[in-house]
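For reference, the chains in residue letters:
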Amino acid sequence: MIDIRLIRESPEVVRAGLSRRGTTSPETVDALVSLDERRRSILTQVETLKAKRNKASEEVARIKKERGDVTALTASLKAVSTDIKRLDRELGTVAVELEDALLQVPNLPLDEVPTGDASASEVVREWGKIADHAFTLLPHWDLGATLGILDLPRGARMTGSGFPVFVGKGARLVRALVAFMLDLHTQDHGYVEVAPPLLVNEAAARGTGQLPDLEGQMYVTTDGLFLVPTAEVPVTNLHAGEILSADELPKKYAAYTPCFRREAGAHGKDTRGILRVHQFDKVELVQITRPEDSPADHEALLCHAEEVLRRLELPYRVVVLATGDLGFASAKTYDVEVWAAGVGAWLEVSSASTFTDFQARRANIRYRPAAGQKPMFVHTLNASGVALPRLIVALLENNQEPDGSVRIPGQLVPYFGEERLTPDGGS
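The rules we used
- Residues numbered from 1 in each chain as written.
- Predicted model: local features only at pLDDT ≥ 70, side-chain atom pairs only at ≥ 80, totals over all residues.
- Heavy atoms only, no water.
- Helix = DSSP H or I, 4+ residues; strand = E, 2+ residues; numbered from the N terminus.
- Expected span 1.5 Å × (residues − 1).
- Buried < 20%, exposed > 50% of the residue type's maximum accessible area, 1.4 Å probe, protein only.
- Arc of directions from axis to C-beta.
- Axes fitted to C-alpha atoms, helices over the stretch in contact; angles between N-to-C directions.
- Parallel < 35°, antiparallel > 145°, perpendicular 65-115°, else oblique.
- Contact = heavy atoms within 4.5 Å.
- Nonpolar A, V, L, I, M, F, W, Y, C, P; charged D, E, K, R; others polar.
- Phe/Tyr/Trp six-rings, centres within 6.5 Å; stacked < 30°, edge-to-face > 60°.
- Lys NZ or Arg CZ within 6 Å of the ring centre and 35° of its normal.
- Core = buried A, V, L, I, M, F, W, Y, C linked by side-chain atoms within 4.5 Å.
- Pairing = 2+ DSSP bridges.
- Salt bridge = Lys/Arg side-chain N within 4 Å of Asp/Glu carboxyl O.

Engineer: Account for helix H10 (residues 294-311), naming residues and giving values.
Structural biologist: Helix length check: H10 (18 residues) gives 26 Å between terminal C-alpha atoms against 26 Å at 1.5 Å per residue, within 8%. Within H10, burial applies to Ser294, Asp297, His298, Leu301, Leu302, His304, Ala305, Glu306, Glu307, Val308 and Leu309.

Laid out in C-alpha coordinates, this is it:
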(Lines give C-alpha, C1' and ligand atoms only; values in the text may rest on other atoms or scores of the structure.)
Protein backbone atom coordinates (compact mmCIF):
# COMPACT_ATOMS: atom_id res chain seq x y z
CA MET A 1 0.00 0.00 0.00
CA ILE A 2 1.01 3.61 -0.36
CA ASP A 3 2.82 5.16 2.61
CA ILE A 4 0.31 7.29 4.52
CA ARG A 5 3.11 9.78 5.25
CA LEU A 6 3.52 10.39 1.51
CA ILE A 7 -0.22 11.01 1.21
CA ARG A 8 -0.12 13.34 4.24
CA GLU A 9 3.00 15.30 3.25
CA SER A 10 2.76 15.27 -0.57
CA PRO A 11 -0.89 14.71 -1.53
CA GLU A 12 -0.33 16.42 -4.88
CA VAL A 13 2.26 13.78 -5.82
CA VAL A 14 -0.20 10.99 -5.04
CA ARG A 15 -3.03 12.75 -6.92
CA ALA A 16 -0.80 13.10 -9.97
CA GLY A 17 0.24 9.44 -9.88
CA LEU A 18 -3.31 8.18 -9.53
CA SER A 19 -4.46 10.54 -12.26
CA ARG A 20 -1.86 9.06 -14.61
CA ARG A 21 -3.35 5.63 -13.97
CA GLY A 22 -6.81 6.88 -14.87
CA THR A 23 -8.46 4.35 -12.57
CA THR A 24 -8.79 6.17 -9.25
CA SER A 25 -10.43 9.52 -8.60
CA PRO A 26 -8.09 12.20 -7.18
CA GLU A 27 -10.82 12.85 -4.60
CA THR A 28 -9.74 9.53 -3.07
CA VAL A 29 -6.64 11.31 -1.78
CA ASP A 30 -8.78 13.98 -0.10
CA ALA A 31 -10.76 11.27 1.69
CA LEU A 32 -7.55 9.57 2.86
CA VAL A 33 -6.11 12.85 4.12
CA SER A 34 -9.34 13.55 6.00
CA LEU A 35 -9.35 10.10 7.63
CA ASP A 36 -5.69 10.45 8.59
CA GLU A 37 -6.29 13.88 10.13
CA ARG A 38 -9.25 12.51 12.07
CA ARG A 39 -7.19 9.56 13.33
CA ARG A 40 -4.31 11.79 14.40
CA SER A 41 -6.67 14.24 16.10
CA ILE A 42 -8.31 11.47 18.14
CA LEU A 43 -4.89 10.02 18.96
CA THR A 44 -3.75 13.40 20.25
CA GLN A 45 -6.87 13.66 22.41
CA VAL A 46 -6.30 10.17 23.80
CA GLU A 47 -2.66 10.88 24.62
CA THR A 48 -3.61 14.19 26.30
CA LEU A 49 -6.30 12.50 28.42
CA LYS A 50 -3.95 9.65 29.37
CA ALA A 51 -1.36 12.14 30.51
CA LYS A 52 -4.09 13.92 32.52
CA ARG A 53 -5.18 10.58 33.98
CA ASN A 54 -1.64 9.67 34.98
CA LYS A 55 -1.13 13.01 36.67
CA ALA A 56 -4.50 12.72 38.47
CA SER A 57 -3.66 9.20 39.63
CA GLU A 58 -0.41 10.45 41.12
CA GLU A 59 -2.35 13.25 42.85
CA VAL A 60 -4.89 10.78 44.27
CA ALA A 61 -2.07 8.66 45.66
CA ARG A 62 -0.45 11.71 47.25
CA ILE A 63 -3.69 12.95 48.85
CA LYS A 64 -4.54 9.47 50.15
CA LYS A 65 -1.11 9.27 51.70
CA GLU A 66 -1.87 12.53 53.50
CA ARG A 67 -5.32 11.16 54.46
CA GLY A 68 -7.09 13.85 52.48
CA ASP A 69 -10.44 13.75 50.65
CA VAL A 70 -10.13 12.35 47.08
CA THR A 71 -13.85 12.07 46.30
CA ALA A 72 -14.00 14.89 43.75
CA LEU A 73 -10.67 13.94 42.16
CA THR A 74 -11.70 10.27 41.89
CA ALA A 75 -14.95 11.26 40.15
CA SER A 76 -12.98 13.41 37.72
CA LEU A 77 -10.55 10.56 37.11
CA LYS A 78 -13.43 8.19 36.35
CA ALA A 79 -14.86 10.65 33.83
CA VAL A 80 -11.47 10.91 32.12
CA SER A 81 -11.19 7.12 31.92
CA THR A 82 -14.66 6.95 30.37
CA ASP A 83 -13.64 9.51 27.74
CA ILE A 84 -10.47 7.55 26.99
CA LYS A 85 -12.41 4.33 26.42
CA ARG A 86 -14.86 6.13 24.12
CA LEU A 87 -12.07 7.74 22.12
CA ASP A 88 -10.13 4.45 21.93
CA ARG A 89 -13.18 2.80 20.35
CA GLU A 90 -13.53 5.71 17.94
CA LEU A 91 -9.82 5.56 17.13
CA GLY A 92 -10.09 1.85 16.37
CA THR A 93 -13.02 2.46 14.02
CA VAL A 94 -11.24 5.26 12.15
CA ALA A 95 -8.01 3.23 11.92
CA VAL A 96 -9.91 0.35 10.30
CA GLU A 97 -11.63 2.75 7.88
CA LEU A 98 -8.26 4.25 6.93
CA GLU A 99 -6.67 0.81 6.47
CA ASP A 100 -9.57 -0.38 4.31
CA ALA A 101 -9.40 2.79 2.20
CA LEU A 102 -5.64 2.46 1.71
CA LEU A 103 -6.06 -1.16 0.57
CA GLN A 104 -8.27 0.08 -2.28
CA VAL A 105 -5.63 2.44 -3.70
CA PRO A 106 -3.31 1.11 -6.43
CA ASN A 107 0.43 1.65 -6.52
CA LEU A 108 1.86 4.82 -8.02
CA PRO A 109 3.56 4.40 -11.41
CA LEU A 110 7.24 5.25 -11.67
CA ASP A 111 8.03 8.49 -13.51
CA GLU A 112 9.47 6.73 -16.56
CA VAL A 113 6.32 4.67 -17.23
CA PRO A 114 4.48 5.93 -20.35
CA THR A 115 1.21 7.70 -19.59
CA GLY A 116 -1.98 6.48 -21.25
CA ASP A 117 -4.01 3.36 -22.01
CA ALA A 118 -2.71 0.14 -23.59
CA SER A 119 -2.14 1.91 -26.92
CA ALA A 120 0.55 4.04 -25.25
CA SER A 121 2.63 1.00 -24.26
CA GLU A 122 6.00 0.97 -25.99
CA VAL A 123 8.06 -1.80 -27.60
CA VAL A 124 11.49 -1.68 -25.97
CA ARG A 125 13.27 -4.31 -28.07
CA GLU A 126 12.77 -7.37 -30.24
CA TRP A 127 14.80 -10.55 -30.52
CA GLY A 128 14.89 -13.29 -33.15
CA LYS A 129 13.65 -13.53 -36.69
CA ILE A 130 10.10 -14.44 -37.65
CA ALA A 131 10.54 -17.30 -40.10
CA ASP A 132 8.88 -17.49 -43.50
CA HIS A 133 7.00 -20.74 -44.12
CA ALA A 134 6.32 -22.08 -47.59
CA PHE A 135 3.32 -24.07 -46.40
CA THR A 136 0.04 -23.34 -44.63
CA LEU A 137 0.57 -23.14 -40.90
CA LEU A 138 -1.86 -24.76 -38.48
CA PRO A 139 -3.00 -23.18 -35.22
CA HIS A 140 -2.02 -25.02 -32.06
CA TRP A 141 -5.48 -26.49 -31.43
CA ASP A 142 -5.29 -28.35 -34.75
CA LEU A 143 -1.64 -29.27 -34.24
CA GLY A 144 -2.32 -30.54 -30.72
CA ALA A 145 -5.12 -32.80 -31.93
CA THR A 146 -3.13 -34.09 -34.93
CA LEU A 147 -0.09 -34.79 -32.77
CA GLY A 148 -2.24 -36.50 -30.16
CA ILE A 149 -0.90 -34.34 -27.33
CA LEU A 150 -3.77 -31.98 -26.48
CA ASP A 151 -7.33 -33.00 -25.62
CA LEU A 152 -9.54 -29.95 -25.17
CA PRO A 153 -12.96 -31.67 -25.47
CA ARG A 154 -12.32 -34.08 -22.57
CA GLY A 155 -11.02 -31.27 -20.35
CA ALA A 156 -14.15 -29.24 -21.08
CA ARG A 157 -16.37 -32.26 -20.42
CA MET A 158 -14.91 -33.12 -17.01
CA THR A 159 -14.43 -29.56 -15.72
CA GLY A 160 -15.37 -26.86 -18.22
CA SER A 161 -13.93 -24.67 -20.92
CA GLY A 162 -10.45 -23.41 -20.12
CA PHE A 163 -9.20 -26.59 -18.44
CA PRO A 164 -6.99 -28.34 -21.04
CA VAL A 165 -5.70 -31.89 -20.86
CA PHE A 166 -2.18 -32.67 -22.11
CA VAL A 167 -1.81 -36.29 -23.13
CA GLY A 168 1.19 -38.58 -23.66
CA LYS A 169 4.05 -36.61 -25.11
CA GLY A 170 2.08 -33.42 -24.48
CA ALA A 171 2.26 -34.13 -20.75
CA ARG A 172 5.95 -34.96 -21.17
CA LEU A 173 6.46 -31.62 -22.94
CA VAL A 174 4.91 -29.79 -19.99
CA ARG A 175 7.18 -31.65 -17.58
CA ALA A 176 10.24 -31.03 -19.77
CA LEU A 177 9.59 -27.29 -19.98
CA VAL A 178 9.14 -26.96 -16.21
CA ALA A 179 12.36 -28.87 -15.51
CA PHE A 180 14.26 -26.90 -18.16
CA MET A 181 13.16 -23.54 -16.72
CA LEU A 182 13.79 -24.47 -13.09
CA ASP A 183 17.28 -25.71 -13.94
CA LEU A 184 18.00 -22.54 -15.93
CA HIS A 185 16.89 -20.20 -13.17
CA THR A 186 18.45 -22.08 -10.26
CA GLN A 187 21.72 -23.12 -11.90
CA ASP A 188 22.42 -20.14 -14.15
CA HIS A 189 20.52 -17.27 -12.53
CA GLY A 190 21.01 -18.07 -8.84
CA TYR A 191 17.41 -18.56 -7.71
CA VAL A 192 16.44 -20.87 -4.85
CA GLU A 193 13.71 -23.33 -5.81
CA VAL A 194 10.57 -23.33 -3.66
CA ALA A 195 7.58 -25.69 -3.73
CA PRO A 196 4.88 -23.56 -2.04
CA PRO A 197 1.29 -24.38 -1.04
CA LEU A 198 -1.34 -24.06 -3.76
CA LEU A 199 -3.80 -22.54 -1.28
CA VAL A 200 -3.28 -19.28 0.60
CA ASN A 201 -5.24 -17.44 3.26
CA GLU A 202 -6.80 -13.99 2.99
CA ALA A 203 -3.84 -12.25 4.60
CA ALA A 204 -1.41 -13.65 2.04
CA ALA A 205 -3.65 -12.69 -0.90
CA ARG A 206 -4.06 -9.21 0.56
CA GLY A 207 -0.31 -8.90 1.06
CA THR A 208 0.49 -9.15 -2.64
CA GLY A 209 -2.50 -7.07 -3.74
CA GLN A 210 -4.81 -9.77 -5.09
CA LEU A 211 -7.31 -8.75 -2.42
CA PRO A 212 -9.43 -6.75 -2.48
CA ASP A 213 -8.74 -5.82 -6.13
CA LEU A 214 -8.91 -9.26 -7.79
CA GLU A 215 -11.16 -11.27 -5.48
CA GLY A 216 -13.64 -11.96 -8.29
CA GLN A 217 -10.90 -13.56 -10.37
CA MET A 218 -9.82 -16.07 -7.72
CA TYR A 219 -11.18 -19.48 -6.79
CA VAL A 220 -12.06 -19.64 -3.10
CA THR A 221 -12.81 -22.68 -0.93
CA THR A 222 -15.65 -22.97 1.56
CA ASP A 223 -13.21 -22.39 4.43
CA GLY A 224 -11.87 -19.15 3.01
CA LEU A 225 -8.67 -20.31 1.35
CA PHE A 226 -7.78 -19.17 -2.16
CA LEU A 227 -6.29 -21.24 -4.98
CA VAL A 228 -3.13 -19.44 -6.07
CA PRO A 229 -3.53 -17.34 -9.25
CA THR A 230 0.28 -17.26 -9.39
CA ALA A 231 3.14 -18.50 -7.22
CA GLU A 232 3.92 -14.83 -6.59
CA VAL A 233 1.38 -14.92 -3.75
CA PRO A 234 2.80 -17.69 -1.54
CA VAL A 235 6.44 -17.04 -2.45
CA THR A 236 6.37 -13.30 -1.70
CA ASN A 237 4.62 -14.08 1.58
CA LEU A 238 7.42 -16.42 2.67
CA HIS A 239 8.83 -13.45 4.57
CA ALA A 240 5.59 -11.72 5.59
CA GLY A 241 5.96 -10.15 9.03
CA GLU A 242 9.73 -10.66 9.09
CA ILE A 243 12.70 -8.32 9.48
CA LEU A 244 15.56 -9.48 7.27
CA SER A 245 19.19 -8.47 7.59
CA ALA A 246 20.78 -6.46 4.80
CA ASP A 247 23.28 -9.20 3.98
CA GLU A 248 20.40 -11.62 3.28
CA LEU A 249 19.26 -9.51 0.33
CA PRO A 250 18.46 -10.01 -2.41
CA LYS A 251 16.28 -13.05 -1.86
CA LYS A 252 15.72 -14.82 -5.19
CA TYR A 253 13.14 -17.59 -5.49
CA ALA A 254 11.90 -19.74 -8.37
CA ALA A 255 8.74 -21.80 -8.03
CA TYR A 256 6.69 -24.04 -10.28
CA THR A 257 2.96 -24.23 -9.56
CA PRO A 258 -0.31 -24.76 -11.34
CA CYS A 259 -2.19 -21.45 -11.38
CA PHE A 260 -5.94 -20.88 -11.21
CA ARG A 261 -7.81 -17.84 -12.55
CA ARG A 262 -11.53 -17.38 -13.00
CA GLU A 263 -11.31 -14.48 -15.44
CA ALA A 264 -9.82 -16.36 -18.41
CA GLY A 265 -11.85 -15.68 -21.55
CA ALA A 266 -14.30 -13.50 -19.67
CA HIS A 267 -14.30 -10.91 -22.42
CA GLY A 268 -14.90 -13.40 -25.22
CA LYS A 269 -11.37 -12.94 -26.54
CA ASP A 270 -8.83 -15.65 -27.39
CA THR A 271 -11.08 -18.36 -26.01
CA ARG A 272 -10.12 -21.03 -28.56
CA GLY A 273 -7.31 -23.44 -27.79
CA ILE A 274 -5.10 -22.65 -24.81
CA LEU A 275 -4.57 -18.91 -25.30
CA ARG A 276 -6.73 -18.08 -22.26
CA VAL A 277 -7.33 -20.80 -19.70
CA HIS A 278 -8.50 -21.11 -16.10
CA GLN A 279 -5.76 -23.53 -15.04
CA PHE A 280 -2.20 -23.40 -16.31
CA ASP A 281 1.36 -24.20 -15.28
CA LYS A 282 3.95 -21.54 -14.65
CA VAL A 283 7.44 -21.05 -13.30
CA GLU A 284 7.52 -17.86 -11.25
CA LEU A 285 10.50 -15.72 -10.27
CA VAL A 286 10.35 -13.55 -7.13
CA GLN A 287 13.00 -11.18 -5.79
CA ILE A 288 13.06 -9.35 -2.47
CA THR A 289 15.65 -6.60 -2.54
CA ARG A 290 16.95 -3.32 -1.16
CA PRO A 291 15.16 -0.22 -2.49
CA GLU A 292 18.35 1.20 -4.01
CA ASP A 293 18.98 -2.05 -5.90
CA SER A 294 15.48 -2.67 -7.24
CA PRO A 295 15.78 -0.77 -10.58
CA ALA A 296 18.82 -2.82 -11.62
CA ASP A 297 17.31 -6.00 -10.22
CA HIS A 298 14.15 -5.37 -12.25
CA GLU A 299 16.17 -5.21 -15.47
CA ALA A 300 18.05 -8.39 -14.52
CA LEU A 301 14.80 -10.16 -13.69
CA LEU A 302 13.45 -9.25 -17.13
CA CYS A 303 16.56 -10.67 -18.78
CA HIS A 304 16.12 -13.93 -16.86
CA ALA A 305 12.63 -14.33 -18.33
CA GLU A 306 13.88 -13.42 -21.80
CA GLU A 307 16.62 -16.04 -21.58
CA VAL A 308 14.01 -18.80 -21.59
CA LEU A 309 12.78 -17.69 -25.01
CA ARG A 310 16.27 -17.16 -26.40
CA ARG A 311 17.33 -20.67 -25.45
CA LEU A 312 14.15 -22.06 -26.98
CA GLU A 313 14.88 -20.06 -30.17
CA LEU A 314 11.55 -18.22 -30.09
CA PRO A 315 11.19 -14.69 -31.48
CA TYR A 316 9.92 -12.25 -28.87
CA ARG A 317 9.58 -8.59 -28.02
CA VAL A 318 9.63 -6.60 -24.77
CA VAL A 319 6.92 -4.01 -24.12
CA VAL A 320 6.90 -1.48 -21.29
CA LEU A 321 3.28 -1.06 -20.22
CA ALA A 322 1.63 2.34 -20.05
CA THR A 323 0.09 3.55 -16.80
CA GLY A 324 -3.45 2.58 -17.79
CA ASP A 325 -2.39 -1.01 -18.40
CA LEU A 326 -0.51 -1.58 -15.15
CA GLY A 327 -1.64 -4.15 -12.63
CA PHE A 328 -3.03 -2.88 -9.33
CA ALA A 329 0.18 -3.41 -7.32
CA SER A 330 2.73 -2.67 -10.04
CA ALA A 331 4.83 0.49 -10.30
CA LYS A 332 6.37 -0.60 -13.62
CA THR A 333 5.85 -3.67 -15.79
CA TYR A 334 7.54 -5.12 -18.83
CA ASP A 335 5.54 -7.67 -20.84
CA VAL A 336 7.51 -10.28 -22.75
CA GLU A 337 5.54 -11.33 -25.84
CA VAL A 338 6.44 -14.35 -27.95
CA TRP A 339 5.53 -14.64 -31.63
CA ALA A 340 3.11 -17.46 -32.47
CA ALA A 341 3.10 -18.13 -36.21
CA GLY A 342 -0.06 -20.24 -36.42
CA VAL A 343 -2.35 -17.59 -34.94
CA GLY A 344 -0.19 -14.77 -36.27
CA ALA A 345 0.01 -12.87 -33.00
CA TRP A 346 2.30 -11.71 -30.22
CA LEU A 347 1.39 -13.55 -27.02
CA GLU A 348 2.31 -12.43 -23.51
CA VAL A 349 4.25 -15.15 -21.69
CA SER A 350 5.75 -13.08 -18.89
CA SER A 351 5.15 -9.85 -16.99
CA ALA A 352 8.21 -8.59 -15.14
CA SER A 353 7.09 -6.12 -12.50
CA THR A 354 8.51 -4.00 -9.73
CA PHE A 355 6.14 -3.23 -6.86
CA THR A 356 8.54 -0.90 -5.01
CA ASP A 357 7.53 -1.11 -1.31
CA PHE A 358 3.79 -1.48 -2.06
CA GLN A 359 3.54 -5.23 -1.35
CA ALA A 360 6.11 -5.05 1.44
CA ARG A 361 3.94 -2.57 3.36
CA ARG A 362 0.88 -4.78 2.99
CA ALA A 363 2.76 -7.94 3.99
CA ASN A 364 5.05 -6.14 6.48
CA ILE A 365 8.34 -7.34 4.99
CA ARG A 366 11.27 -5.26 6.24
CA TYR A 367 15.03 -5.34 6.51
CA ARG A 368 17.54 -3.71 8.83
CA PRO A 369 20.12 -1.76 6.77
CA ALA A 370 22.74 -2.10 9.52
CA ALA A 371 22.96 -3.15 13.16
CA GLY A 372 21.09 -0.72 15.37
CA GLN A 373 19.35 1.03 12.47
CA LYS A 374 15.59 1.32 12.09
CA PRO A 375 14.00 -1.38 9.86
CA MET A 376 12.94 -0.29 6.37
CA PHE A 377 10.53 -1.84 3.91
CA VAL A 378 12.06 -3.99 1.16
CA HIS A 379 11.14 -3.81 -2.51
CA THR A 380 9.52 -6.82 -4.18
CA LEU A 381 9.68 -7.88 -7.82
CA ASN A 382 8.44 -10.81 -9.85
CA ALA A 383 8.22 -12.22 -13.34
CA SER A 384 6.89 -15.31 -15.01
CA GLY A 385 9.85 -17.39 -15.97
CA VAL A 386 7.66 -18.31 -17.93
CA ALA A 387 3.98 -19.32 -18.25
CA LEU A 388 3.47 -22.55 -20.20
CA PRO A 389 0.27 -22.38 -22.28
CA ARG A 390 1.31 -19.63 -24.68
CA LEU A 391 4.91 -20.85 -24.62
CA ILE A 392 3.65 -24.23 -25.85
CA VAL A 393 1.52 -22.45 -28.45
CA ALA A 394 4.62 -20.73 -29.83
CA LEU A 395 6.74 -23.89 -29.69
CA LEU A 396 4.18 -25.87 -31.67
CA GLU A 397 3.21 -23.21 -34.18
CA ASN A 398 6.66 -21.79 -34.92
CA ASN A 399 8.41 -25.16 -35.23
CA GLN A 400 5.91 -27.08 -37.37
CA GLU A 401 7.27 -28.77 -40.49
CA PRO A 402 5.59 -29.48 -43.86
CA ASP A 403 5.14 -33.15 -42.92
CA GLY A 404 3.05 -32.20 -39.87
CA SER A 405 5.80 -32.83 -37.33
CA VAL A 406 7.08 -30.26 -34.83
CA ARG A 407 10.78 -29.69 -34.13
CA ILE A 408 11.89 -29.61 -30.49
CA PRO A 409 14.46 -26.85 -29.79
CA GLY A 410 17.95 -28.21 -29.16
CA GLN A 411 18.24 -27.14 -25.51
CA LEU A 412 14.92 -28.79 -24.68
CA VAL A 413 15.79 -32.15 -26.30
CA PRO A 414 17.72 -33.50 -23.23
CA TYR A 415 14.62 -32.86 -21.11
CA PHE A 416 12.06 -34.08 -23.63
CA GLY A 417 14.05 -37.05 -24.92
CA GLU A 418 13.21 -36.67 -28.62
CA GLU A 419 14.02 -34.20 -31.38
CA ARG A 420 10.50 -33.85 -32.75
CA LEU A 421 6.83 -34.55 -32.26
CA THR A 422 5.18 -36.52 -35.04
CA PRO A 423 1.49 -36.88 -36.03
CA ASP A 424 -0.39 -39.39 -33.88
CA GLY A 425 2.69 -39.77 -31.73
CA GLY A 426 1.20 -38.41 -28.56
CA SER A 427 1.17 -41.63 -26.55
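Engineer: Describe helix H5 (residues 140-147), listing the residues and the values that go with them.
Structural biologist: Looking at H5, one finds that the buried residues are His140, Trp141, Leu143, Gly144 and Leu147. Within H5, the buried residues cover an arc of 160 degrees as seen down the axis, which keeps them to one side. Two residues or fewer past H5, Gly148 is found with a positive phi of approximately 70 degrees.

Engineer: Residue-level account of the packing of helix H7 (residues 169-188) against helix H12 (residues 388-398), with values.
Structural biologist: Axis separation between H7 and H12 bottoms out at 11 Å; the angle between their running directions is 110 degrees. Classified by the angle between their axes, H7 and H12 sit roughly perpendicular to one another. From H7, Leu173, Val174, Leu177, Val178 and Met181 reach across to H12, where they touch Leu388, Leu391, Ile392 and Leu395. Residue composition of the contact of H7 with H12, by class: 9 nonpolar, no polar and no charged.

Engineer: Outline the packing of aromatic side chains, supporting the account with residue identities and numerical values.
Structural biologist: Using the criterion set out here, one finds 4 aromatic pairs in the structure. Taking 5.9 Å as the distance between ring centres and 75 degrees as the angle between the ring planes, the aromatic pair formed by Phe328 and Phe358 counts as edge-to-face. You can see Phe328 sitting in the loop between strand E10 (316-320) and strand E11 (332-340) and its partner Phe358 sitting in helix H11 (residues 358-363), a full 30 residues away along the chain. Using a relative accessible area of 13% as the deciding quantity, one classes Phe328 as buried. Judged by its relative accessible area of 0%, Phe358 falls in the buried class. Sitting over the ring of Phe416, Arg172 keeps its end group 5.2 Å from the ring centre.

Engineer: Let's hear about the nonpolar core: which residues, and what values?
Structural biologist: Nonpolar side chains in soluble globular proteins generally cluster together in the buried interior. Leu177, Met181 and Leu412 are the most contacted members of the largest nonpolar core, which has 56 residues in total. When residues no more than four places from it in sequence are discounted, the contact partners of Leu177 are Leu312, Leu388, Leu391, Ile392, Leu395 and Leu412. Membership of the second largest hydrophobic core comes to 27 residues, among which are Val14, Val80, Val94 and Leu98.

Engineer: Lay out the sheet that holds strand E14 (residues 376-377) in plain terms, naming residues and giving numbers.
Structural biologist: With mixed pairing, the 3 strands of this open sheet are ordered in space as E7-E13-E14. Every other strand in the sheet has two partners, leaving strand E7 (243-245) and E14 as the edge strands with one partner each. Note that strand E13 (residues 366-368) and E14 share 2 bridges and pair antiparallel. What sits directly across from Tyr367, in E14, is Met376.

Engineer: How would you sum up the sheet that holds strand E15 (residues 379-387)? Please name residues and give values.
Structural biologist: Neighbouring strands of a sheet are bound in pairs by backbone hydrogen bonds; such pairs are parallel or else antiparallel. Ordered by their spatial adjacency, 8 strands build an open sheet running E1-E10-E11-E12-E15-E9-E8-E4, and the pairing between neighbours is mixed. With one partner strand each, in any of the chains shown, strand E1 (122-127) and strand E4 (192-194) form the two edges of the open sheet. Ignoring which end each strand starts from, the neighbouring axes of this sheet average 25 degrees apart. With 5 bridges connecting them, E1 and E10 associate as antiparallel partners. Looking at the pairing, Glu126 lines up with Arg317 of E10. Docked against the sheet, H10 engages E1, strand E8 (251-260), strand E9 (279-289), E10, E11, strand E12 (345-354) and E15, running at close to 5 degrees with respect to E15. On the sheet, H12 packs against E9, E11, E12 and E15 and is oriented at approximately 30 degrees with respect to E11.

Engineer: Outline the packing of H5 against H12, listing residues and values.
Structural biologist: For any two helices packed against each other, the geometry comes down to the angle between their axes and how far apart the axes lie. Interaxial distance between H5 and H12 falls to 9 Å at its minimum, and their mutual angle equals 75 degrees. Our classification of the angle between H5 and H12 gives roughly perpendicular. Listed contacts from H12 to His140, Leu143 and Leu147 of H5 are Val393, Leu396 and Glu397. A breakdown of the residues in the contact of H5 with H12 according to their chemical character gives 4 nonpolar, 1 polar and 1 charged.

Engineer: Residue-level account of the pattern of salt bridges, with values.
Structural biologist: Taken as a whole, this structure holds 27 salt bridges when the rule is applied. With a shortest N-O distance of 3.9 Å, Glu97 and Arg38 are connected by a salt bridge. With Glu97 in helix H4 (residues 71-103) and Arg38 in helix H3 (residues 27-65), this residue pair connects regions lying 59 residues apart in the sequence. Judged by its relative accessible area of 37%, Glu97 is partly exposed. Exposure remark for Arg38: the relative accessible area of 39% places this residue in the partly exposed category. One salt bridge connects Arg125 with Glu306, and the closest N-O pair in it is separated by 2.5 Å. Placement of Arg125 in strand E1 and of Glu306 in helix H10 is noted, with a sequence separation of 181 residues between them. Note on Arg125: relative accessible area 31%, which makes it partly exposed. When its relative accessible area of 1% is taken as the criterion, Glu306 is described as buried. Members of the salt-bridge network, linked through shared partners, are Arg125, Asp188, Glu306, Glu307, Arg310 and Arg311.

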